[in-house]
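Here's the letter readout for the chains.
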Amino acid sequence: MTSISERITQKLTAAFAPQALKVIDESHQHQGHGGWREGGETHFRVNIVSEAFSGKSRLERHRLVNTALAQELADRVHALAIAAKAPGEG
């Protein structure tokens, strides 16, 4: 069975061909809070750099990522923090 983290990585790689991608499971930081489940994989942070984000606003970038991960967000993922940048952005 593929972990949620691996599914997120696969989907974002397929959708955006990123130059850099880091998917961090932060679920352990939210134990006992809303949306947390036994076994974790409920709260993630994504840092992604892709040419696909060039010329797009922060909101547009977040919408693109959320669309790519719609199934995960509707299922197990409770929270997703996104840092989406174009190449060369600091």
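None of the values given here were measured: they were computed from a predicted structure.

1. Section: the side chain of Thr42
- Tracing the backbone through its elements, the reader meets Thr42 in the loop between β1 (20–25) and β2 (43–49).
- For Thr42, a relative accessible area of 0% puts it in the buried group.
- For Thr42, the side chain forms a polar contact with the side chain of His43, separated by 2.7 Å.

2. Thoughts on the confidence of the model for the chain
- Residues at a pLDDT of 70 or more form 83% of the chain, whose mean pLDDT is 88.
- Summarising per-element confidence for the chain, the mean pLDDT is lowest in helix α3 (residues 70–74) (93) and highest in helix α2 (residues 58–68) (98).

The rules behind the values
- Residues numbered from 1 in each chain as written.
- Predicted model: local features only at pLDDT ≥ 70, side-chain atom pairs only at ≥ 80, totals over all residues.
- Heavy atoms only, no water.
- Helix = DSSP H or I, 4+ residues; strand = E, 2+ residues; numbered from the N terminus.
- Buried < 20%, exposed > 50% of the residue type's maximum accessible area, 1.4 Å probe, protein only.
- Polar contact = N/O pair within 3.5 Å; in protein donor to acceptor, adjacent residues only side chain to side chain.
- pLDDT = per-residue confidence, 0-100.

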